Each structure stands twice: as structure tokens, then as C-alpha cells.
Amino acid sequence: MSNYHIKHLEEYFQVYRKSVQDPKRFWEEIAEEHFVWKKKWNEVLSWDFEKPEIKWFDGAQLNITENCLDRHLPSRGNKTAILFEPNDPSGGAQHITYRELHERVCRFANVLKNQGIGKGDRVCIYLPMIPELAFSLLACARIGAIHSVVFAGFSATALSTRINDCDAKMVITSDGSYRGAKTIDLKGIVDEALQDCPGVQSVLVAKRINTDIHMEAGRDHWLQPLLEEAYADCAAEIMEAEDPLFILYTSGSTGKPKGMLHTTAGYMIYTAYTFKNVFQYREEDIYWCSADIGWITGHSYIVYGPLANGATTVMFEGVPSYPDFGRFWEVVEKHKVTQFYTAPTAIRALAKESLDLVERHDLSSLKILGTVGEPINEEAWHWYNDHIGNKQCPIVDTWWQTETGGMLISPIPFSTPTKPTYATLPLPGVQPVLMDEHGKILKGNQTDGRLCIQFPWPSIARTIWGNHQRYKETYFSAFPGMYFTGDGALRDEVGYYRITGRVDDVIIVSGHNLGTAPIEDAINEHPAVAESAIVGFPHDIKGNALYGFVILKENGEDRDRDNLKKEINQMITDHIGPIAKLDKIQFVPGLPKTRSGKIMRRILRKIASNELGNLGDTSTLLNPEVVDQIIEERQ
Ligand code: WTA
């Protein structure tokens, strides 16, 4: 039996049992056999979910980039590490070998050092999906700087909030980015953000679209000449197992975004382990995850997990619709991709297009398909299975979160029989439980409740940057002694899990987590808006879309409604980014509220979803009459 590579169902059950009965021994064996260390640990695990405090491999020393790069050089120096496929299909792919990647990361690390960045400093990365994005993460890790990647679709305000929250000293960006047929002025967004970020001392700018941009003297530097001057070798900083590796922001149901902090050793081991098993990765494979590195999926399963296994990982700069909706399949054919990992929203969008766009490509290289980010509906699952996988490729529906660092519930291909819409069984080391509303564990199968995890796994986020209290309240207070995921789930008759969706005020739109509160805050800044409430409603392609109920101030009453709607969406684009725009906006005379003044979102959700027959008891509302008025003018 190999703990590290599960090959059939019996083995999965054995390995899983061991991982629960003796988790320390289980992870210790994996750590010893499959990674390189500068110094071994004193203790495999110490944890307390009350405080909460979690430490894996405390006392060990390592550098994650030695595990992702240096150790592969003797055997895989000439193997492609990153296969970059640009936005423009005629642009020519780049094969970056492990040796080249090592050199480019070292040079980049030296540039960071020359700019005064050292261990523990925060570096904000705001880049499109170009190789420099991967280099910059690894360069930070090489010298022990903490990277904080901000998805390059976020607005200037969202960027400055994130820069200031973690006191980043440096920003790494590019002159601009390509997105399908469009270009985006990223540097302009950075310039605007930095007006509010006094702590940023320097900006490194990669050249991508060759536009003439403003360079602030003394602050902004072109990256390329600095890389050319830098030494091609850079010793890896010795890091403690629990030293921070990165911060990545995720939306909360309230307040500002949460900077989830991930640390070094546990994150490395867990992402590598899950990559190996969930994609049944083999040396000759060409693996492609179509996510953006701006999200956790890209961190764990484009960069760290694949590279720790010495894999070839495809980095795709483009979008699924450019130059046409066959682009993904063209890339699969061109690079003979063996594992393809994407989001249900992309599958739904592509399934709407002509099948000819799929069938004109040879997809026979594919062995395994994956999905992540939101529940996959049955129809999309079957389309993916029939037309992309040709009924030959197991689909891994992987459930996990920014906070969990790696996948927690997922089939293991060729071991776990799949079932449409089910993430199936917990991966080794993961102990899920379902809880009822009163905090009781729901035993047995055929039940549903709130999904919690009752034992730490190596890549659990250790805190929220700068706010440990919020970390405790958000994840460890609803069900004391447990990590609460914020998701609801059901367990079927054989113990398979199906994630049913968020049970808090986070809405997942096209696979992106959006908190309702920040969107409402943005809208409420409009001078004509008195109050607003955002809810989600089902959408064919995006999974959920946003519906805004808005109360106008008196001064807004005679304004043109269509213009107001445009302005409101513009406020959202400016404060958060276009991903948070509302599909529907309804101006209402009031919002249904409880006697204590809380908005009854449950009722608004039903109205938005057109489930009008089933509104529940509205008699306890402060203003029940408003419900009928809202229904009458529903959009
Ligand atoms: C949802 C993405 C159903 C879930 C890795 C979770 C899923 C949130 C799945 C985290 C799945 C993710 N099936 N729902 N396979 N995967 N989710 O932080 O609600 O961007 O809590 O991490 O996405 O989103 P995040």
C-alpha cells in the first residue's frame, strides 16, 4: 500500500482509515518520503480549535521553492514546468523548463532583494496570467516574502483596500493585459489605487502589451532590465514550517475582505498530495487548470501542487470565448492535455454553444476532468462527461475553499465511483461532519446539515491577517470545537457528500465568492440611494446572479430609472470590479424587516427566485405590506 498514491477503492479505504486513526504518523510518512527538508520537525501536529491555533511540522525548516524547483533539476531540468499559452492563438506557446524556471525565479528573487524586500515583507501581485505571475509568487517564496495576489479583474478601490490591509511594501504589475479582443490598462488601475496606499515604496512593471504608460520616478521600475542585471542564482531562505507563505483575500458575509494566511510546510504537503491523487498525476502528463492564479485554485493547482510534483502545468492567458467558444478544446488538442480542471460556470457557458466547436477537436488525450468553485448541476455534468470526456474520463468534482488551501472532498479517479453533482468522499486526513442548527452532530447517512470539519488537515488557513478574533468568530464559533465551512451539504445512503451551497450571506457568481455587504456598501454610496439589499437568484450560466433591491432617497425619486441602474452598476464596478455587477435592480419603497430591524433576506431571496408560493410567515415583520408591493413590481 502506498499512502502517497492511491490506485483503487480498497486502497482508498485503507489509507483513509489510517489517516483518521493515526493522522500524525500518516502525514509524517508522507512528509519524510516525498519532500526535502533543511531540518526535520519536533512535532507533527499541535492544535486547539478553541483558540484557535494549528501547527503542522513545527520546528521543521525548508523552502517550498526547493521542493518545487531545485530538487527537480537533476532529473527534470529539461522537462517543461510551465507551458504558457497566450491570449492570441497565433502568439506561440512558451515551454519553460524546470531549469529555466529556476533561473528566472532566482533572478526575480534577487530583484526583490535589491529593492529592499526581505523575509516577512508583504508583496502585492496584480498581474494577468503571464509567466511573470508564476515567477513572482515563487520569487517571494524564495526569499521568504509573503505574497498577496489580487486578481487582476478587481478595481482600484478593491486593490488599495487589500494593499493597505496587509501593509504591502511593493506592488508587482504589468503595463496592461489582454483579455480576448480587449486590452486592459492595469498600470492605470494600480496608479489610481496607489493614491491611497502610502506604504508602497516600489512598483515593478512587466511589459506585456507595450503601451505607453506613466512611470512614477523613484517608485516605478520596469522589471525586464532589473532581471537582466540580477544574479542568476539565489540561495533559498531557510523558512520555519509555520512561517507565512501567502495571504489571499476572500469575501466575507460582512465587512472587509478576509486576508487568509497560509503557512509553508503543511500547505506544501497537502497541495502536493491532493494534486497527485485527485489528478492521478503521472510523469508524462500535461495538466491544465483553467483558473486564474488570482484565486486559490490557481495558487494550489497551477503553481504549488503541480510544481511540487515536477509536473508540466499549463498557464492560459486567454478566455474561453476568444477567438471563439472552441478555444479551450483547441488548447487541449494542441498541447495534448491529459487532465483538465475548470469551473462549472465555464462548462455551462460552453455547453450552450454549437457542439461542432467541440467535435472539430481531437480530445482523445484527456484522461481526467475536474470541476471546482460551485455546485455542478446534473445537465452540465453530463455534457462534460459525454462531450468532453467521451464517457471515458472520470470527473472529479472537488469541493474546497480559499480557507482550506487544498481540496477536501473529491473522488479519486479510477478508485471512487463518481456520481453526478456529488463531491463524493473526503480525501485522506479530512474528517467532515454534518451539524444540525442546534449544534448536534448528525450521525448516519441520508441526512443533511451544515458542513464542518472536526480535525485539522495540513493546509488549513492559520488566521486572518491582522484579525485573529475574526478568524475565530467566522470559522470556530458557530460550532465550538469544529471548523465551520459556511456550506450546507447532504450525505446520501452510501456516505457520499453533495454540497448544496452557502448557508451564509456569501453568494457564488460564476464561481467567484461575493459577499453581500461590500456590494451593498458600494451601492449605498450613491447619492440617490438610501438603502439596499442584495440576494442571489438562480442563473443558467453563472449559477447565481445578483438581484438588488434598492430604496431611493427623495432626491432620487424623479431621476431616470435606467440611468440610475447604470450608475449603480458603475459604483459596483469602481468599488469591487465588474464581476459583482447586478443582473437585476428593483427600486422598492421599503425592505422587509424584522422587529429588531434586520432585513429578511430569506423573503427577498424567494422573491428574486420567483418562488412566490412559499414565502413563509410574514406576519412577524415590522412592515408586511411592503412584501406585496415588492412582488407586484418584481423584475
Ligand atoms: C463553493 C474555491 C460545490 C463552496 C476553491 C465553497 C463548491 C466556496 C465546490 C469556496 C464544489 C467550491 N461543489 N460548491 N465542488 N467548490 N464550492 O474560496 O460554497 O473561491 O465554500 O474556493 O465555493 O470558494 P473559494
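Residues numbered from 1 in each chain as written. Predicted model: local features only at pLDDT ≥ 70, side-chain atom pairs only at ≥ 80, totals over all residues. Heavy atoms only, no water.

A. Up close: the overall build of the protein chain. Of the regular secondary structure elements, the protein chain holds 20 helices and 30 strands. Since a compact globule built from 635 residues should have a radius of gyration of about 26 Å, the 24 Å found for the protein chain is in line with a globular shape. Viewed in the frame of its principal axes, the protein chain has a C-alpha envelope of about 75 × 65 × 55 Å. Counting across all 635 residues of the protein chain, residues that qualify as buried make up 61%. Contacts in the protein chain between residues at least 24 apart in sequence constitute 71% of all its contacts with a sequence separation of at least 6. Total accessible area computed for the protein chain in this model is approximately 24000 Å², and 46% of it derives from carbon and sulfur atoms. (Helix = DSSP H or I, 4+ residues; strand = E, 2+ residues; numbered from the N terminus. Rg over C-alpha atoms; globule rule 2.2 N^0.38 Å. Buried < 20%, exposed > 50% of the residue type's maximum accessible area, 1.4 Å probe, protein only. Contact = heavy atoms within 4.5 Å. Areas by Shrake-Rupley, 256 points an atom, 1.4 Å probe, with all protein chains shown as cover.)

B. Layout of the site of the ligand. Near the ligand lie 17 residues; those nearest to it are Asp-397, Thr-398, Thr-402, Asp-487 and Arg-502. In the environment of the ligand, a nitrogen atom lies 3.3 Å from a nitrogen or oxygen atom belonging to the backbone of Glu-374. Between the ligand and Arg-502 there is a distance of 2.8 Å, counted from an oxygen atom to a side-chain nitrogen or oxygen. Look at the ligand: alone it shows 530 Å² of surface, and the protein chains cover 96% of it. Listing elements by their share of the shell around the ligand, those giving two or more residues are helix 11 (296–308), strand 20 (395–398) and strand 25 (497–502). Tallied by class, residues from the shell around the ligand come to seven nonpolar, six polar and four charged. (Near = heavy atom within 4 Å. Polar contact = N/O pair within 3.5 Å; in protein donor to acceptor, adjacent residues only side chain to side chain. Nonpolar A, V, L, I, M, F, W, Y, C, P; charged D, E, K, R; others polar.)

C. Spatial organisation of a negative patch on the surface. Together, Glu-625, Asp-628, Glu-632 and Glu-633 line one region of the surface with negative charge. Along the polypeptide, Glu-633 turns up in the segment after helix 20 (625–632). Residue classification places Glu-633 among the partly exposed residues on the basis of a relative accessible area of 47%. (Patch = residues over 30% accessible without salt bridge, like charges linked within 9 Å, V, L, I, M, F, W, Y side chains within 5 Å. Salt bridge = Lys/Arg side-chain N within 4 Å of Asp/Glu carboxyl O. Lys, Arg positive; Asp, Glu negative; His and termini not counted. Charge placed at Lys NZ, Arg CZ, Asp CG, Glu CD.)

D. Spotlight on helix 8 (residues 186–194). Among the residues making up helix 8, those that are buried are Leu-186, Lys-187, Val-190, Asp-191, Ala-193 and Leu-194. Taken end-on, helix 8 shows its buried residues confined to a sector of 165°, consistent with a single buried face. Its buried side turned inward, helix 8 meets helix 7 (156–165), strand 8 (170–174), strand 9 (177–179), strand 10 (182–184), strand 11 (202–206) and strand 12 (220–222). (Arc of directions from axis to C-beta.)

E. Fine view of the pattern of salt bridges. Across all of its chains, the model carries 36 salt bridges by this definition. With a shortest N-O distance of 2.9 Å, Lys-18 and Glu-29 are connected by a salt bridge. Of this pair, Lys-18 sits in helix 1 (residues 9–21) while Glu-29 sits in helix 2 (residues 23–34), and the two are 11 residues apart along the sequence. Of the residues examined, Lys-18 reaches a relative accessible area of 23% and is grouped as partly exposed. Its relative accessible area of 17% is what places Glu-29 among the buried residues. Connected through salt bridges with shared partners, the residues Lys-18, Arg-25, Glu-28 and Glu-29 form a single ionic network.

F. Expanded view of the sheet that holds strand 29 (residues 543–552). Strand order in this open sheet of three strands is 28-29-30, and the pairing throughout is mixed. The sheet is open, and its two borders are formed by strand 28 (529–539) and strand 30 (584–587), each paired with just one other strand. Adjacent strand axes in the sheet meet at a mean angle of 20°, parallel and antiparallel pairs treated alike. Direction of pairing for strand 28 relative to strand 29: antiparallel, over a ladder of 10 bridges. Looking across to strand 29, one finds that Ala-533 is bridged to Phe-549. Across the face of the sheet, helix 17 (residues 516–524) comes into contact with strand 28 and strand 29 while running at roughly 140° to strand 28. (Pairing = 2+ DSSP bridges. Axes fitted to C-alpha atoms, helices over the stretch in contact; angles between N-to-C directions.)

G. Focus on the nonpolar core. Residues Trp-37, Phe-57, Leu-101, Leu-112 and Tyr-304 are the most contacted members of the largest nonpolar core, which totals 122 residues. Other than its neighbours up to four places away in sequence, Phe-57 contacts Trp-27, Glu-28, Ala-31, Trp-41, Glu-43, Val-44, Ala-241, Ala-265 and Ile-269. If you look at the next biggest cluster of nonpolar residues, it comprises 45 residues, including Val-190, Cys-197, Ile-519 and Ile-534. (Core = buried A, V, L, I, M, F, W, Y, C linked by side-chain atoms within 4.5 Å.)

H. Local environment of the packing of aromatic side chains. Taken as a whole and assessed by the stated rule, the structure comprises 42 aromatic pairs. Three or more aromatic residues joined by ring pairs make a cluster, and in this case those are Trp-47, Phe-49, Phe-455, Trp-457, Tyr-471, Tyr-475, Phe-476 and Tyr-483. Geometry around Trp-222 places Lys-207 over its ring, the cationic atom sitting 4.2 Å from the centre. Lys-419 extends its terminal NZ or CZ atom over the ring of Tyr-422, reaching a point 4.1 Å from the ring centre. (Phe/Tyr/Trp six-rings, centres within 6.5 Å; stacked < 30°, edge-to-face > 60°. Lys NZ or Arg CZ within 6 Å of the ring centre and 35° of its normal.)

I. Inspection of the state of the cysteines at higher detail. In this structure the tally under the stated criterion is zero disulfides. Of all cysteine sulfurs in the structure, the one in Cys-234 sits closest to Cys-106, which takes part in no disulfide; the separation is 5.5 Å. (Disulfide = S-S within 2.5 Å.)

J. The arrangement of the UniProt feature "domain: Acetyl-coenzyme A synthetase N-terminal" (unreviewed entry) in the protein chain in detail. With numbering matched to this structure, UniProt assigns "domain: Acetyl-coenzyme A synthetase N-terminal" (unreviewed entry) to residues 12–68. For residues 12–68, the end-to-end C-alpha separation is 26 Å, with 47% helix and 25% strand making up the annotated structure. (UniProt positions renumbered as here; feature names shortened; annotations may be inferred.)

K. Examining the environment of Gly-373 more closely. Tracing the sequence through the fold places Gly-373 in the loop between strand 19 (368–372) and helix 15 (378–388). Exposure remark for Gly-373: the relative accessible area of 32% places this residue in the partly exposed category. Each C-alpha atom of the pair Gly-373 and Asp-167 lies 29 Å from the other, and the pair is 206 residues apart in sequence. Residues in contact with Gly-373, not counting those within four places in the same chain, are Ile-508 and Gly-511.

L. Representation of the domain arrangement of the protein chain in the model. Domain parsing of the protein chain yields domain 1 (9–319 + 394–489) and domain 2 (510–633). Measuring from the centre of the C-alpha atoms in domain 1 to the corresponding centre in domain 2 gives 34 Å. At the junction of the two partners, domain 1 supplies 13 residues and domain 2 supplies 14 residues. Carbon and sulfur atoms make up 53% of the surface buried where domain 1 meets domain 2, a total of about 840 Å² over both sides. Contact with domain 2 buries surface across domain 1, with Ser-155, Ser-251 and Trp-295 losing the most and accounting together for 37% of the total. The tally of links from domain 1 across to domain 2 stands at zero salt bridges. The biggest single contributor to the side of domain 1 that touches domain 2 is helix 7, with three residues. Residue composition of the side of domain 1 that touches domain 2, grouped by class: four nonpolar, nine polar and no charged. (Domains from an automatic or database assignment. Buried area = accessible area lost by both parts, 1.4 Å probe.)

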